[in-house]
Amino acid sequence: MPEKRGYVSEERVSFQTAMKVVIDAFPSLLLIVIIIGGILGGIFTATEGSAIAVVYATVLSLIYKSIRVKDLPGIILESARMTGIITFMIGLSSIMSWVMSFTGIPEIIGNGILALTGNRYLILIMMNIIILIVGTFMDPVPAVLIFTPIFLPVCQSFGMHPVHFGIMISLNLCIGTITPPVGSILFTGCKVGKVSIEGVIRQLLPYFAVILLVLILVTYVPAISMALPSALGLIK
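This report concerns the structure included in the present document. (Residues numbered from 1 in each chain as written. Predicted model: local features only at pLDDT ≥ 70, side-chain atom pairs only at ≥ 80, totals over all residues. Heavy atoms only, no water.)

**Description of a nonpolar patch on the surface**
Okay, so step 1: Nonpolar side chains collect at one region of the surface, where Phe88, Leu92, Ile95, Trp98, Val99 and Phe102 lie side by side and expose about 690 Å² of accessible area between them.
Okay, so step 2: Accessibility expressed as a relative area gives 45% for Leu92, which makes it partly exposed. (Patch = residues over 30% accessible without salt bridge, like charges linked within 9 Å, V, L, I, M, F, W, Y side chains within 5 Å. Areas by Shrake-Rupley, 256 points an atom, 1.4 Å probe, with all protein chains shown as cover. Salt bridge = Lys/Arg side-chain N within 4 Å of Asp/Glu carboxyl O. Buried < 20%, exposed > 50% of the residue type's maximum accessible area, 1.4 Å probe, protein only.)

Written out as structure tokens, the structure is:
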């Protein structure tokens, strides 16, 4: 089998084997349907959905015998340690958001952008740069709460739809979750994979380039954000 950078390709599988894998994986794939369906159907909140996902995944793991009951205390302890690290980083991010709110930095930034230019394309570029930088230090939830009231009226003044704006700012902040120095998802992934952040970042650089290209397309091509909601009749 050919090998490149230590990655070994797998042999091509038959259709029967592929179908068997799909059938075996169906209970696991059903987790997505349960969680997304439950949230959209109003059966439970996103937070409750995460708890249900943990219980469902634990039950499946016991059924598949990938873990045993005696392994659960160690798994819970390791999860608590990992959660503590992530919670600490989110706490630091919340301190950052409080400092920014208290000092009025977002308002200064918003007024500064409008003072520099009235060109919508330049305004969007500056907004993206600012939110990308903020997203590397701040958790997405407080960042949305702080910057949406500042930037949304500016975007609406030149005809940008709120849904388009929401997807743009969400994508920016999601990029921040996989970049240092905070990068809660990046740290979690490295912890789970038992790899160093330095090594992972080098491998992620080409993907970051693609992600930034997608961000530019989402920012300047409204149809990418608006097509599906419009087709479903969710927006006019």
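So that's the structure; there's more coming.
**Comments concerning helix α5 (residues 120-137)**
Residues lying three or four places apart along an α-helix face the same way, a consequence of the helix completing one turn every 3.6 residues.
Okay, so step 1: With 18 residues, α5 extends 26 Å between its outermost C-alpha atoms, agreeing within 8% with the 26 Å of an ideal straight helix rising 1.5 Å per residue.
Okay, so step 2: By the burial criterion, the buried members of α5 are Ile123, Leu124, Met127, Asn128, Ile130, Ile131, Val134, Gly135 and Thr136.
Okay, so step 3: With a side-chain oxygen positioned 2.8 Å from the backbone nitrogen of Tyr121, the residue opening α5 is Asn119. (Helix = DSSP H or I, 4+ residues; strand = E, 2+ residues; numbered from the N terminus. Expected span 1.5 Å × (residues − 1). Polar contact = N/O pair within 3.5 Å; in protein donor to acceptor, adjacent residues only side chain to side chain.)

**Structural notes on helix α10 (residues 222-231)**
Okay, so step 1: Within α10 the residues assigned to the buried category are Ser225, Met226 and Pro229. The buried residues of α10 occupy one face: seen down the axis, they fall within an arc of 80 degrees. What points out from α10, more than 90 degrees from its buried face, is the exposed set Leu228 and Ala231.
Okay, so step 2: Where α10 is buried, its residues touch α7 (162-176) and α9 (197-220).
Okay, so step 3: Gly233 sits one or two positions beyond α10 and adopts a positive phi of about 75 degrees. (Arc of directions from axis to C-beta. Contact = heavy atoms within 4.5 Å.)

No statement about biological role is implied by the geometric values presented.
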